[in-house]
Amino acid sequence: AADKQDKVLNVPTLRFPEYSDKWLECELQDIADFSKGAGISKDQLSETGESCILYGELYTKYKSEVISNVISKTDIENSNLVRSKANDVIIPSSGETAIDISTARCVPFDNILLGGDLNIIRLKDQDGRFFSYQLNGVRKLDIAQIAQGVSVVHLYGESLKRLKVRYPSKSEQEKVSSLLSLIDERIETQNRIIAQLQSLITGLNNNLMDNLSWENVQVGDFMDFYSTNFLSWEQLDYKQGEVKNLHYGLIHSGLPTLIDCGLCSLPNIKDEFLPKQYTLCEDGDVAFADASEDTNEVGKAVEIYDCRDLSVVCGLHTIHGRDKANATIVGFKGFAFNAKYFHDQLRRIAQGSKIYSISTDNVKSCYLRIPSKSEQKQVVRLLSAYLQKIDIAEQELNAYQVQKQYLLKTMFV
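Not measured: the values here are computed from a predicted model. (Residues numbered from 1 in each chain as written. Predicted model: local features only at pLDDT ≥ 70, side-chain atom pairs only at ≥ 80, totals over all residues. Heavy atoms only, no water.)

Side note on the overall build of the chain
And step 1. Summing up its helical and strand segments, the chain has 11 helices and 28 strands in all.
And step 2. Along the first, second and third principal axes, the C-alpha atoms of the chain reach 75 × 55 × 40 Å.
And step 3. Expressed as a percentage of the 413 residues in the chain, the buried residues total 46%.
And step 4. Excluding contacts between residues fewer than 6 apart, the proportion of contacts in the chain whose partners are at least 24 apart in sequence is 81%.
And step 5. Charged side chains in the chain number 46 positive and 56 negative. The centres of these two groups are separated by 2 Å. (Helix = DSSP H or I, 4+ residues; strand = E, 2+ residues; numbered from the N terminus. Buried < 20%, exposed > 50% of the residue type's maximum accessible area, 1.4 Å probe, protein only. Contact = heavy atoms within 4.5 Å. Lys, Arg positive; Asp, Glu negative; His and termini not counted. Charge placed at Lys NZ, Arg CZ, Asp CG, Glu CD.)

Structure (C-alpha coordinates):
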(Lines give C-alpha, C1' and ligand atoms only; values in the text may rest on other atoms or scores of the structure.)
Protein backbone atom coordinates (compact mmCIF):
# COMPACT_ATOMS: atom_id res chain seq x y z
CA ALA A 1 0.00 0.00 0.00
CA ALA A 2 1.24 3.52 -0.75
CA ASP A 3 1.15 6.48 1.55
CA LYS A 4 -1.03 8.84 -0.49
CA GLN A 5 0.53 12.03 0.86
CA ASP A 6 4.20 11.05 0.58
CA LYS A 7 3.67 8.71 -2.39
CA VAL A 8 6.21 6.30 -0.93
CA LEU A 9 5.78 2.54 -0.88
CA ASN A 10 6.26 1.99 2.82
CA VAL A 11 4.03 -0.93 3.76
CA PRO A 12 3.60 -4.36 2.15
CA THR A 13 0.70 -5.45 -0.04
CA LEU A 14 -0.17 -8.33 2.27
CA ARG A 15 -0.20 -7.69 5.99
CA PHE A 16 -1.63 -8.99 9.25
CA PRO A 17 -4.74 -6.88 10.03
CA GLU A 18 -3.62 -5.79 13.49
CA TYR A 19 -0.70 -3.78 12.05
CA SER A 20 -1.01 -0.44 10.26
CA ASP A 21 2.14 1.57 11.12
CA LYS A 22 4.47 2.63 8.34
CA TRP A 23 7.61 0.58 7.87
CA LEU A 24 10.91 2.26 8.58
CA GLU A 25 13.73 2.55 6.06
CA CYS A 26 17.43 2.72 6.84
CA GLU A 27 20.83 1.44 5.81
CA LEU A 28 21.65 -1.97 7.21
CA GLN A 29 24.57 -0.52 9.18
CA ASP A 30 22.09 1.58 11.21
CA ILE A 31 20.58 -1.52 12.83
CA ALA A 32 23.42 -4.05 12.71
CA ASP A 33 27.11 -4.62 13.34
CA PHE A 34 29.27 -6.36 10.75
CA SER A 35 32.11 -8.86 11.00
CA LYS A 36 33.53 -11.85 9.16
CA GLY A 37 34.00 -15.52 9.91
CA ALA A 38 37.43 -17.12 10.26
CA GLY A 39 39.00 -19.89 8.22
CA ILE A 40 37.76 -23.45 8.58
CA SER A 41 38.41 -25.61 5.51
CA LYS A 42 36.56 -28.71 4.34
CA ASP A 43 39.45 -30.97 5.28
CA GLN A 44 39.17 -29.71 8.87
CA LEU A 45 35.65 -31.07 9.28
CA SER A 46 35.31 -34.09 11.55
CA GLU A 47 32.80 -36.52 13.01
CA THR A 48 33.13 -34.97 16.47
CA GLY A 49 33.90 -31.56 17.85
CA GLU A 50 32.13 -28.21 17.78
CA SER A 51 29.34 -27.35 15.36
CA CYS A 52 30.42 -25.15 12.47
CA ILE A 53 29.16 -23.64 9.24
CA LEU A 54 31.23 -23.15 6.08
CA TYR A 55 30.22 -20.57 3.47
CA GLY A 56 29.79 -23.19 0.73
CA GLU A 57 27.23 -25.02 2.84
CA LEU A 58 24.84 -22.09 2.49
CA TYR A 59 24.57 -23.05 -1.18
CA THR A 60 24.39 -26.81 -0.72
CA LYS A 61 23.17 -27.89 2.72
CA TYR A 62 20.98 -25.13 4.16
CA LYS A 63 18.04 -24.54 1.86
CA SER A 64 15.78 -22.45 4.08
CA GLU A 65 16.42 -18.98 5.46
CA VAL A 66 16.56 -20.17 9.07
CA ILE A 67 19.06 -22.91 9.97
CA SER A 68 17.23 -25.46 12.09
CA ASN A 69 20.08 -27.92 12.56
CA VAL A 70 23.83 -27.40 12.12
CA ILE A 71 25.25 -30.30 10.14
CA SER A 72 29.06 -30.03 10.23
CA LYS A 73 31.59 -30.28 13.06
CA THR A 74 35.27 -29.55 13.53
CA ASP A 75 37.74 -30.37 16.26
CA ILE A 76 40.37 -27.76 15.38
CA GLU A 77 41.65 -25.51 18.14
CA ASN A 78 42.28 -21.91 17.27
CA SER A 79 41.81 -18.80 19.39
CA ASN A 80 40.94 -16.80 16.26
CA LEU A 81 37.79 -18.78 15.48
CA VAL A 82 34.56 -16.78 15.31
CA ARG A 83 31.40 -17.87 17.11
CA SER A 84 27.83 -16.99 16.38
CA LYS A 85 25.38 -15.19 18.58
CA ALA A 86 21.79 -16.39 18.32
CA ASN A 87 19.89 -14.27 15.76
CA ASP A 88 22.97 -13.59 13.58
CA VAL A 89 22.41 -13.45 9.83
CA ILE A 90 25.20 -14.85 7.68
CA ILE A 91 25.70 -14.38 3.95
CA PRO A 92 28.59 -15.60 1.73
CA SER A 93 31.27 -13.11 0.75
CA SER A 94 32.11 -15.04 -2.41
CA GLY A 95 30.21 -17.10 -4.95
CA GLU A 96 29.85 -18.00 -8.63
CA THR A 97 27.19 -15.48 -9.64
CA ALA A 98 25.96 -12.14 -8.32
CA ILE A 99 22.37 -13.31 -8.05
CA ASP A 100 23.20 -16.52 -6.19
CA ILE A 101 25.45 -14.82 -3.65
CA SER A 102 22.36 -13.37 -1.99
CA THR A 103 21.93 -16.50 0.12
CA ALA A 104 21.32 -15.26 3.64
CA ARG A 105 20.71 -17.60 6.56
CA CYS A 106 19.74 -16.83 10.15
CA VAL A 107 21.67 -18.76 12.81
CA PRO A 108 19.37 -19.08 15.85
CA PHE A 109 22.09 -20.61 18.05
CA ASP A 110 24.96 -19.27 20.16
CA ASN A 111 28.55 -20.44 19.77
CA ILE A 112 28.40 -21.96 16.29
CA LEU A 113 31.81 -21.64 14.62
CA LEU A 114 31.52 -19.53 11.47
CA GLY A 115 34.06 -20.19 8.73
CA GLY A 116 35.84 -17.80 6.43
CA ASP A 117 34.15 -16.10 3.46
CA LEU A 118 31.09 -15.43 5.60
CA ASN A 119 29.69 -11.98 6.25
CA ILE A 120 28.14 -11.84 9.73
CA ILE A 121 25.30 -9.38 10.28
CA ARG A 122 24.60 -8.98 14.01
CA LEU A 123 21.29 -7.16 14.36
CA LYS A 124 20.43 -4.78 17.18
CA ASP A 125 17.02 -5.66 18.67
CA GLN A 126 15.61 -6.93 15.35
CA ASP A 127 14.46 -10.37 14.21
CA GLY A 128 17.26 -12.13 12.31
CA ARG A 129 14.79 -14.48 10.64
CA PHE A 130 12.87 -11.53 9.19
CA PHE A 131 15.98 -9.97 7.69
CA SER A 132 17.18 -13.29 6.34
CA TYR A 133 13.90 -13.66 4.46
CA GLN A 134 14.09 -10.04 3.29
CA LEU A 135 17.67 -10.34 1.99
CA ASN A 136 16.80 -13.50 0.07
CA GLY A 137 13.62 -12.00 -1.30
CA VAL A 138 12.97 -8.37 -2.16
CA ARG A 139 16.61 -7.35 -1.54
CA LYS A 140 18.10 -10.09 -3.72
CA LEU A 141 18.57 -7.91 -6.80
CA ASP A 142 19.87 -5.03 -4.69
CA ILE A 143 22.56 -7.31 -3.29
CA ALA A 144 23.41 -8.60 -6.77
CA GLN A 145 24.06 -5.01 -7.87
CA ILE A 146 26.62 -4.40 -5.13
CA ALA A 147 28.43 -7.71 -5.63
CA GLN A 148 31.76 -7.38 -7.46
CA GLY A 149 33.71 -9.66 -9.77
CA VAL A 150 33.27 -11.79 -12.88
CA SER A 151 34.46 -15.41 -12.65
CA VAL A 152 34.29 -15.23 -8.84
CA VAL A 153 31.86 -12.76 -7.30
CA HIS A 154 32.62 -11.04 -3.98
CA LEU A 155 30.26 -9.38 -1.53
CA TYR A 156 32.06 -7.09 0.88
CA GLY A 157 30.79 -6.03 4.28
CA GLU A 158 31.38 -2.36 3.48
CA SER A 159 28.94 -2.64 0.58
CA LEU A 160 26.38 -4.54 2.65
CA LYS A 161 26.47 -1.84 5.30
CA ARG A 162 24.99 0.67 2.87
CA LEU A 163 22.23 -1.65 1.68
CA LYS A 164 18.82 -0.05 2.27
CA VAL A 165 16.29 -2.18 4.14
CA ARG A 166 12.73 -1.67 5.34
CA TYR A 167 11.17 -3.12 8.46
CA PRO A 168 8.15 -2.85 10.79
CA SER A 169 7.93 -3.24 14.57
CA LYS A 170 9.70 -6.24 16.03
CA SER A 171 6.41 -7.92 16.93
CA GLU A 172 5.29 -7.75 13.29
CA GLN A 173 8.70 -9.01 12.16
CA GLU A 174 8.32 -12.01 14.43
CA LYS A 175 4.83 -12.78 13.18
CA VAL A 176 5.90 -12.65 9.53
CA SER A 177 8.95 -14.81 10.31
CA SER A 178 6.87 -17.37 12.20
CA LEU A 179 4.47 -17.76 9.26
CA LEU A 180 7.29 -18.23 6.76
CA SER A 181 9.08 -20.62 9.14
CA LEU A 182 5.97 -22.80 9.28
CA ILE A 183 5.97 -23.02 5.47
CA ASP A 184 9.68 -23.83 5.53
CA GLU A 185 9.02 -26.63 7.99
CA ARG A 186 6.37 -28.04 5.65
CA ILE A 187 8.77 -27.78 2.71
CA GLU A 188 11.43 -29.61 4.72
CA THR A 189 8.93 -32.33 5.64
CA GLN A 190 7.88 -32.68 2.03
CA ASN A 191 11.51 -33.01 0.94
CA ARG A 192 11.95 -35.82 3.48
CA ILE A 193 8.86 -37.57 2.13
CA ILE A 194 10.25 -37.37 -1.40
CA ALA A 195 13.69 -38.59 -0.27
CA GLN A 196 12.11 -41.55 1.51
CA LEU A 197 10.05 -42.46 -1.56
CA GLN A 198 13.13 -42.19 -3.76
CA SER A 199 15.08 -44.40 -1.39
CA LEU A 200 12.24 -46.91 -1.34
CA ILE A 201 11.98 -47.10 -5.13
CA THR A 202 15.76 -47.42 -5.45
CA GLY A 203 15.79 -50.32 -2.99
CA LEU A 204 12.82 -52.00 -4.68
CA ASN A 205 14.36 -51.54 -8.10
CA ASN A 206 17.71 -53.02 -7.04
CA ASN A 207 16.10 -56.04 -5.39
CA LEU A 208 13.60 -56.75 -8.16
CA MET A 209 16.08 -56.40 -11.02
CA ASP A 210 18.86 -58.47 -9.48
CA ASN A 211 16.94 -61.70 -10.03
CA LEU A 212 19.26 -64.62 -10.74
CA SER A 213 16.44 -66.63 -12.32
CA TRP A 214 16.09 -64.12 -15.15
CA GLU A 215 18.01 -64.55 -18.39
CA ASN A 216 21.34 -62.72 -18.69
CA VAL A 217 21.43 -61.03 -22.09
CA GLN A 218 24.40 -59.05 -23.39
CA VAL A 219 23.23 -55.54 -24.23
CA GLY A 220 24.90 -55.58 -27.64
CA ASP A 221 22.86 -58.67 -28.57
CA PHE A 222 19.48 -56.99 -28.25
CA MET A 223 20.11 -53.26 -28.68
CA ASP A 224 21.22 -51.02 -31.54
CA PHE A 225 22.98 -47.71 -30.89
CA TYR A 226 22.91 -44.44 -32.84
CA SER A 227 25.08 -41.37 -33.20
CA THR A 228 24.25 -38.35 -31.04
CA ASN A 229 25.02 -34.65 -31.49
CA PHE A 230 27.52 -32.46 -29.65
CA LEU A 231 25.39 -29.35 -29.18
CA SER A 232 26.10 -27.14 -26.14
CA TRP A 233 23.54 -25.25 -24.06
CA GLU A 234 24.30 -22.09 -26.07
CA GLN A 235 22.90 -23.83 -29.17
CA LEU A 236 19.65 -24.78 -27.47
CA ASP A 237 16.57 -22.75 -26.63
CA TYR A 238 13.33 -23.49 -24.80
CA LYS A 239 11.30 -21.38 -27.25
CA GLN A 240 12.89 -21.44 -30.70
CA GLY A 241 13.22 -24.64 -32.74
CA GLU A 242 11.24 -27.70 -33.82
CA VAL A 243 13.50 -30.55 -32.68
CA LYS A 244 13.88 -31.23 -28.95
CA ASN A 245 17.30 -32.17 -27.60
CA LEU A 246 18.08 -34.42 -24.64
CA HIS A 247 21.28 -32.98 -23.11
CA TYR A 248 23.19 -35.19 -20.65
CA GLY A 249 23.06 -32.42 -18.04
CA LEU A 250 19.31 -32.91 -17.80
CA ILE A 251 19.77 -36.61 -17.03
CA HIS A 252 22.06 -35.68 -14.13
CA SER A 253 19.88 -32.85 -12.86
CA GLY A 254 16.59 -34.53 -12.20
CA LEU A 255 14.86 -35.93 -15.27
CA PRO A 256 12.65 -38.87 -14.23
CA THR A 257 13.64 -42.45 -15.02
CA LEU A 258 10.79 -42.60 -17.52
CA ILE A 259 10.54 -39.46 -19.67
CA ASP A 260 7.05 -38.64 -20.92
CA CYS A 261 7.99 -36.47 -23.90
CA GLY A 262 4.61 -34.80 -23.89
CA LEU A 263 5.04 -33.60 -20.29
CA CYS A 264 8.78 -33.15 -19.71
CA SER A 265 10.23 -29.81 -20.73
CA LEU A 266 13.17 -30.42 -23.08
CA PRO A 267 15.05 -27.60 -24.86
CA ASN A 268 14.89 -27.20 -28.62
CA ILE A 269 17.78 -27.05 -31.07
CA LYS A 270 18.07 -23.55 -32.51
CA ASP A 271 17.25 -23.71 -36.21
CA GLU A 272 20.70 -22.55 -37.31
CA PHE A 273 22.37 -25.39 -35.37
CA LEU A 274 20.12 -28.24 -36.50
CA PRO A 275 22.39 -31.14 -37.61
CA LYS A 276 22.07 -32.37 -41.19
CA GLN A 277 21.64 -35.94 -39.99
CA TYR A 278 20.09 -37.22 -36.79
CA THR A 279 18.09 -40.15 -35.43
CA LEU A 280 14.74 -39.37 -33.86
CA CYS A 281 13.87 -41.10 -30.63
CA GLU A 282 11.10 -43.68 -30.53
CA ASP A 283 9.02 -44.96 -27.63
CA GLY A 284 11.18 -47.23 -25.48
CA ASP A 285 14.53 -45.74 -26.53
CA VAL A 286 17.15 -45.30 -23.82
CA ALA A 287 19.66 -42.47 -23.28
CA PHE A 288 22.72 -43.04 -21.08
CA ALA A 289 24.81 -40.18 -19.69
CA ASP A 290 28.31 -41.12 -20.84
CA ALA A 291 30.24 -38.74 -18.57
CA SER A 292 30.15 -37.56 -14.96
CA GLU A 293 32.39 -36.33 -12.18
CA ASP A 294 30.91 -39.09 -10.01
CA THR A 295 31.18 -42.82 -10.76
CA ASN A 296 27.73 -43.18 -9.19
CA GLU A 297 26.27 -41.01 -11.94
CA VAL A 298 28.19 -42.14 -15.03
CA GLY A 299 25.93 -44.33 -17.14
CA LYS A 300 22.74 -43.02 -15.54
CA ALA A 301 19.90 -43.92 -17.90
CA VAL A 302 16.45 -42.62 -18.82
CA GLU A 303 13.83 -44.26 -21.03
CA ILE A 304 11.78 -42.21 -23.44
CA TYR A 305 8.10 -42.80 -24.17
CA ASP A 306 5.01 -41.10 -25.58
CA CYS A 307 6.97 -39.28 -28.27
CA ARG A 308 3.68 -38.74 -30.15
CA ASP A 309 4.33 -36.33 -33.01
CA LEU A 310 7.30 -34.74 -31.24
CA SER A 311 10.81 -34.79 -32.70
CA VAL A 312 13.31 -35.67 -29.97
CA VAL A 313 17.02 -36.43 -30.42
CA CYS A 314 19.80 -37.38 -28.01
CA GLY A 315 22.52 -34.79 -27.50
CA LEU A 316 25.88 -34.06 -25.95
CA HIS A 317 27.47 -36.83 -23.84
CA THR A 318 24.60 -39.26 -24.31
CA ILE A 319 24.50 -42.80 -25.69
CA HIS A 320 21.29 -43.51 -27.63
CA GLY A 321 20.10 -47.13 -27.60
CA ARG A 322 17.07 -49.02 -28.97
CA ASP A 323 15.77 -52.54 -28.33
CA LYS A 324 16.11 -54.07 -31.83
CA ALA A 325 15.03 -57.53 -30.69
CA ASN A 326 11.76 -56.48 -29.01
CA ALA A 327 13.00 -58.22 -25.88
CA THR A 328 11.56 -55.65 -23.47
CA ILE A 329 8.38 -53.67 -22.95
CA VAL A 330 8.34 -49.89 -22.83
CA GLY A 331 9.24 -48.80 -19.30
CA PHE A 332 11.27 -51.83 -18.22
CA LYS A 333 14.67 -50.64 -19.50
CA GLY A 334 14.60 -47.34 -17.64
CA PHE A 335 14.40 -49.22 -14.34
CA ALA A 336 16.64 -52.12 -15.36
CA PHE A 337 19.56 -50.01 -16.62
CA ASN A 338 19.58 -48.06 -13.34
CA ALA A 339 19.70 -51.17 -11.15
CA LYS A 340 22.78 -51.50 -8.97
CA TYR A 341 24.03 -54.76 -10.48
CA PHE A 342 24.03 -53.21 -13.97
CA HIS A 343 25.56 -49.94 -12.84
CA ASP A 344 28.32 -51.82 -11.01
CA GLN A 345 29.34 -53.27 -14.35
CA LEU A 346 29.67 -49.79 -15.84
CA ARG A 347 31.58 -48.45 -12.83
CA ARG A 348 34.23 -51.13 -13.22
CA ILE A 349 34.95 -50.15 -16.82
CA ALA A 350 34.43 -46.37 -16.60
CA GLN A 351 37.59 -44.47 -17.49
CA GLY A 352 39.05 -41.24 -16.14
CA SER A 353 40.22 -39.60 -12.93
CA LYS A 354 38.34 -36.31 -12.42
CA ILE A 355 35.78 -36.97 -15.17
CA TYR A 356 34.59 -40.53 -15.65
CA SER A 357 33.31 -41.70 -19.02
CA ILE A 358 31.90 -44.76 -20.75
CA SER A 359 31.58 -45.64 -24.44
CA THR A 360 28.92 -47.37 -26.50
CA ASP A 361 31.13 -50.47 -26.58
CA ASN A 362 31.26 -50.40 -22.78
CA VAL A 363 27.45 -50.50 -22.60
CA LYS A 364 27.26 -53.24 -25.25
CA SER A 365 29.65 -55.44 -23.29
CA CYS A 366 27.47 -55.45 -20.15
CA TYR A 367 24.60 -57.83 -19.54
CA LEU A 368 21.00 -57.14 -18.51
CA ARG A 369 18.76 -59.54 -16.63
CA ILE A 370 15.49 -59.89 -18.59
CA PRO A 371 12.38 -61.83 -17.50
CA SER A 372 9.29 -62.69 -19.55
CA LYS A 373 7.24 -59.76 -20.80
CA SER A 374 4.39 -60.62 -18.46
CA GLU A 375 6.77 -60.35 -15.49
CA GLN A 376 8.23 -57.15 -16.92
CA LYS A 377 4.71 -55.67 -16.94
CA GLN A 378 4.22 -56.51 -13.26
CA VAL A 379 7.55 -54.94 -12.31
CA VAL A 380 6.91 -51.78 -14.35
CA ARG A 381 3.39 -51.44 -12.93
CA LEU A 382 4.70 -51.61 -9.35
CA LEU A 383 7.66 -49.26 -9.79
CA SER A 384 5.62 -46.81 -11.89
CA ALA A 385 3.07 -46.57 -9.07
CA TYR A 386 5.83 -45.35 -6.76
CA LEU A 387 7.04 -42.92 -9.41
CA GLN A 388 3.53 -41.50 -9.49
CA LYS A 389 3.63 -41.07 -5.71
CA ILE A 390 6.89 -39.16 -6.07
CA ASP A 391 5.38 -37.01 -8.81
CA ILE A 392 2.39 -36.13 -6.61
CA ALA A 393 4.70 -35.36 -3.68
CA GLU A 394 6.84 -33.11 -5.89
CA GLN A 395 3.76 -31.25 -7.11
CA GLU A 396 2.77 -30.63 -3.50
CA LEU A 397 6.31 -29.44 -2.75
CA ASN A 398 6.15 -27.06 -5.69
CA ALA A 399 2.86 -25.65 -4.42
CA TYR A 400 4.45 -24.84 -1.04
CA GLN A 401 7.44 -23.25 -2.75
CA VAL A 402 5.20 -21.10 -4.94
CA GLN A 403 3.24 -20.04 -1.87
CA LYS A 404 6.44 -19.08 -0.09
CA GLN A 405 7.70 -17.02 -3.04
CA TYR A 406 4.37 -15.22 -3.18
CA LEU A 407 4.60 -14.32 0.51
CA LEU A 408 8.22 -13.17 0.14
CA LYS A 409 7.08 -10.74 -2.53
CA THR A 410 3.88 -9.50 -0.89
CA MET A 411 4.76 -9.39 2.83
CA PHE A 412 7.92 -7.31 2.38
CA VAL A 413 8.62 -3.87 0.99
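What about the pattern of salt bridges?
And step 1. Applying the stated criterion across every chain yields a total of 23 salt bridges.
And step 2. The partner of Glu303 in a salt bridge is Lys333, and the shortest N-O contact between them spans 3.3 Å. Remark: Lys333 occurs in helix H8 (residues 332-336) and Glu303 occurs in strand E24 (residues 301-305); sequence separation between them is 30 residues.
And step 3. Given the relative accessible area of 1%, Glu303 is considered buried. (Salt bridge = Lys/Arg side-chain N within 4 Å of Asp/Glu carboxyl O.)

Concerning the nonpolar core
Grouped burial of nonpolar side chains is what soluble globular proteins tend to show.
And step 1. Judged by nonpolar contacts, the single largest core of 75 residues is most densely connected at Ile121, Met209, Phe288, Phe337, Phe342 and Phe412.
And step 2. Once residues lying within four places of it in the same chain are set aside, the contact partners of Phe337 are Val219, Phe222, Met223, Val286, Phe288, Ala301, Phe342 and Leu368.
And step 3. Leu250, Leu255, Leu266 and Ile304 belong to the second largest nonpolar core, which has 16 residues in total. (Core = buried A, V, L, I, M, F, W, Y, C linked by side-chain atoms within 4.5 Å.)

Remarks on unusual backbone geometry
And step 1. For Asn87, which is not a glycine, the phi torsion comes out positive at approximately 95°.
And step 2. Inspection of the secondary structure puts Asn87 in the loop between strand E8 (82-83) and strand E9 (88-92).
And step 3. On the basis of relative accessible area, Asn87 is assigned to the partly exposed category, the value being 23%.
And step 4. The residue Asp306 is not glycine, and still its phi comes out positive at about 55°.
And step 5. With respect to the secondary-structure elements, Asp306 resides in the loop between E24 and strand E25 (311-314).
And step 6. Judged by relative accessible area, Asp306 falls into the partly exposed class, the value being 24%.

A word on the sheet that holds strand E17 (residues 223-226)
As a general point, the strands of a sheet are linked pairwise by backbone hydrogen bonds and lie either parallel or antiparallel.
And step 1. Across the sheet, five strands lie side by side as E17-E26-E22-E24-E20; this open sheet has mixed pairing. Only two strands of the sheet have a single neighbouring strand rather than two, namely E17 and strand E20 (258-260). With direction set aside, neighbouring strand axes in the sheet form an average angle of 30°.
And step 2. Where E17 lies against strand E26 (residues 318-323), four bridges are found, and the strand directions are antiparallel. By the bridge assignment, Asp224 is partnered in E26 with Arg322. (Pairing = 2+ DSSP bridges. Axes fitted to C-alpha atoms, helices over the stretch in contact; angles between N-to-C directions.)

With respect to the packing of helix H5 (residues 170-209) against helix H11 (residues 373-410)
And step 1. Running from amino to carboxyl end, H5 crosses H11 at an angle of 165°, the nearest separation of the two axes being 10 Å. Relative to H11, the element H5 is oriented roughly antiparallel. When the axes of H5 and H11 are compared, the crossing they make is left-handed.
And step 2. Partitioning the contact of H5 with H11 into residue classes produces 22 nonpolar, six polar and six charged. (Parallel < 35°, antiparallel > 145°, perpendicular 65-115°, else oblique. Left-handed = near helix turned anticlockwise from the far one by under 90°. Nonpolar A, V, L, I, M, F, W, Y, C, P; charged D, E, K, R; others polar.)

Digging into the packing of aromatic side chains
Aromatic rings in a pair are described by how distant their centres are and how their planes are angled relative to each other.
And step 1. Under the defined criterion, the tally for this structure stands at nine aromatic pairs.
And step 2. Each ring, one from Phe130 and one from Phe131, has its centre 5.4 Å from the other, and the planes form 75°; the classification is edge-to-face. An identical accessibility class is assigned to Phe130 and Phe131; each is buried.
And step 3. On the numbers, 4.9 Å between centres and 65° between planes, the contact of Phe337 with Phe342 is edge-to-face.
And step 4. Among the aromatic residues, those joined into a ring-pair cluster are Trp23, Phe130, Phe131, Tyr167 and Phe412.
And step 5. The ring of Phe16 carries Lys175 above its face, with NZ or CZ at 5.0 Å from the centroid.
And step 6. Looking at Arg369, its charged tip hangs above the ring of Tyr341, at a distance of 4.7 Å from the centre. (Phe/Tyr/Trp six-rings, centres within 6.5 Å; stacked < 30°, edge-to-face > 60°. Lys NZ or Arg CZ within 6 Å of the ring centre and 35° of its normal.)

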